[in-house]
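# Results of the structural survey
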Number of protein chains: 2
Amino acid sequence: MPNCSAITALVPLWPIHRNNRVRRVILSTYQAASGAGAAALEELVESTRASLAGQIYRPKVLPHPYAFNVFNHDTRIDPETGYNEEETKVIRESRKILEDEAIAIGVTCVRVPVLRAHCQAITFECEKPISEAEVRSLLSDAPGVRIVDDRANNYFPMPIDASGQDHVLVGRIRRDLSDASGHSISMFVAADQLLKGAALNAIQIAELLPEHAMA
Amino acid sequence: MPNCSAITALVPLWPIHRNNRVRRVILSTYQAASGAGAAALEELVESTRASLAGQIYRPKVLPHPYAFNVFNHDTRIDPETGYNEEETKVIRESRKILEDEAIAIGVTCVRVPVLRAHCQAITFECEKPISEAEVRSLLSDAPGVRIVDDRANNYFPMPIDASGQDHVLVGRIRRDLSDASGHSISMFVAADQLLKGAALNAIQIAELLPEHAMA
């Protein structure tokens, strides 16, 4: 079953990659408690309740206090590379699913005090120049994607909207201002990993790639 | 007074830039309620309390529900570029403070349900190749920086540790795996913007740059 952080990024990156090869991705995650299981979700609720009551709560499931806090993903860190296992999976699975071993991926996986649904800030660079309008067009009828990108009302993908949805919400689609060549786009996504992160996506992507069954 | 997101990034980037020009930065923020003022902080507390009690809370200060949620920074979005004002300030002030109008900056500013202290995932590219060890060495005695980077114990910068501190905590220092050329490093930082985001840093940076008074 593919990793949920990989899948959340790949559902919107795949239709772009098919059209204009994505050669580099830099992404940071904002991951919810639910990805770590029901006990972690309960720990977020109970530790937040304790914090608001001025009580001490000793973490049992996660390595750090979760109430109103942010911390590195709770998987083992490779002592040599400094990458956690979630990040390593994002790199490995993205290359596999996009069928492109050369794709360059930098990733930071972080837990935030959200009950359910992950977010990601994604910057990607394509082989040919790419515009905001092209990305919008490629994503507008892509499977599993819903564009939520209302600049006038400051309304973009949020975990509370993604929860319980079977689409990856994609917004803040804009030029990456750090790449003057026009090859790079930034965006912000939110997806409920309970639905999206596993089975459903495996099916959707497998349908797009019928020749490659997913383990 | 410099913008607090700019300052949080620049305190650790400045000693690197002085040694090996930083030519590109891609950063995502995890910003606390306190940066939006006392009323926003109160709104996070009260809306979280309501959420835990199963009650509806109508946001008054911030544009979106804050309890267990993540949303785009609550400043105006430029309808043309899609960047919010916080992001625009990070770009403008970083160029000014680093005295480098050519520095390429891509930035995503996001609010997370944290009471106090901002985090950032930062990837930067230098003009000459740079190693993890060099970054550690440059930051180990840099003003305003404390390295918190314990891979064995999965212990890195967190808002709860940065709160009330007058240092920017810097950790997860590692090669950016998306740049095979060895010019890029990723890191994760946390800083209390109440102390760090404004006066104190203005002073510290002004001391490093005595010829440039800060407005």
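From a predicted model like this one, the values you see are computed outputs, not experimental measurements.

Take the interface of chain B and chain A next. Across the contact, 65 residues belong to chain B and 65 residues belong to chain A. The tally of links between chain B and chain A comes to 6 salt bridges. R172 of chain A is paired through a salt bridge with E87 of chain B; the nearest N and O atoms lie 2.5 Å apart. At the surface where chain B touches chain A, the tally comes to 34 residue pairs in polar contact (both at pLDDT 80 or more). With 6 residues, the single largest contributor to the side of chain B that touches chain A is strand 1 (residues 22–30) of chain B.

The subject of this paragraph is the relation of the copies chain B and chain A. With an RMSD of 0.0 Å, chain B superimposes on chain A once it is rotated by 180 degrees and translated 0.0 Å along the axis. Considering both components of the superposition, the chain copies are consistent with a two-fold axis. By residue overlap, the copies meet face to face through one surface: 100% of the interface positions of chain B are interface positions in chain A.

Residues and elements named next belong to chain A. Inspection of the entire model under this criterion finds 24 salt bridges over all chains. With its nearest N and O atoms 3.1 Å apart, the salt bridge here joins E132 to R151. A residue pair is termed long-range when its members are at least 10 positions apart, and E132 in helix 4 (residues 132–140) and R151 in the loop between strand 6 (145–147) and helix 5 (159–162) qualify at 19 residues. For the pair formed by E132 and R151, the shared burial category is buried. Salt bridges sharing partners connect three or more residues here, namely E132, R136, D149 and R151.

Glancing now at the pairing of strand 7 (residues 168–175) of chain B. Residue and element names in this part refer to chain B. With 7 of 8 residues buried, strand 7 lies mostly within the body of the structure. When strand 6 (residues 145–147) meets strand 7, the two strands line up parallel, connected through 3 bridges. What sits directly across from I147, in strand 7, is V170. With 5 bridges connecting them, strand 7 and strand 8 (residues 184–191) associate as antiparallel partners. The residue bridging V170 from the neighbouring strand is V189, located in strand 8.

All names here are of chain B. Scanning the model with the defined rule gives 0 disulfides over all chains in all. Here C4 is not disulfide-linked; the sulfur of C109 is the nearest cysteine sulfur, at 8.8 Å. Assessed through its relative accessible area of 16%, C4 is described here as buried.

Taking 1.5 Å as the rise per residue, helix 2 (residues 38–52) of chain B with 15 residues should run 21 Å; its terminal C-alpha atoms sit 21 Å apart, in good agreement. If you check which residues of helix 2 of chain B are buried, you get A40, E43, L44, V45, S47, T48, A50 and L52 of chain B. Against the buried residues of helix 2 of chain B lie helix 2 (38–52) of chain A. Of the residues one or two after helix 2 of chain B, G54 of chain B is the one with positive phi, at around 75 degrees.

Further remarks concern the domain arrangement of chain A. All names here are of chain A. What the domain assignment reports for chain A is domain 1 (4–32 + 71–211) and domain 2 (36–69). Relative placement of domain 1 and domain 2: their C-alpha centres are 28 Å apart. Taken over both partners, the interface formed by domain 1 and domain 2 buries close to 840 Å², and the fraction arising from carbon and sulfur atoms is 73%. Contact with domain 2 buries surface across domain 1, with F71, P113 and L115 losing the most and accounting together for 69% of the total. In this structure, the connection of domain 1 to domain 2 is made through 0 salt bridges. Scanning the region where domain 1 abuts domain 2 turns up 1 residue pair in polar contact (both at pLDDT 80 or more). A class-by-class count of the residues in the side of domain 1 that touches domain 2 yields 6 nonpolar, 1 polar and 2 charged.

Thresholds, definitions, all that
- Residues numbered from 1 in each chain as written.
- Chains lettered and ligands numbered in written order.
- Predicted model: local features only at pLDDT ≥ 70, side-chain atom pairs only at ≥ 80, totals over all residues.
- Heavy atoms only, no water.
- Contact = heavy atoms within 4.5 Å.
- Salt bridge = Lys/Arg side-chain N within 4 Å of Asp/Glu carboxyl O.
- Polar contact = N/O pair within 3.5 Å; in protein donor to acceptor, adjacent residues only side chain to side chain.
- Helix = DSSP H or I, 4+ residues; strand = E, 2+ residues; numbered from the N terminus.
- Least-squares fit on C-alpha atoms with pLDDT ≥ 70 in both.
- Buried < 20%, exposed > 50% of the residue type's maximum accessible area, 1.4 Å probe, protein only.
- Pairing = 2+ DSSP bridges.
- Disulfide = S-S within 2.5 Å.
- Expected span 1.5 Å × (residues − 1).
- Domains from an automatic or database assignment.
- Buried area = accessible area lost by both parts, 1.4 Å probe.
- Nonpolar A, V, L, I, M, F, W, Y, C, P; charged D, E, K, R; others polar.

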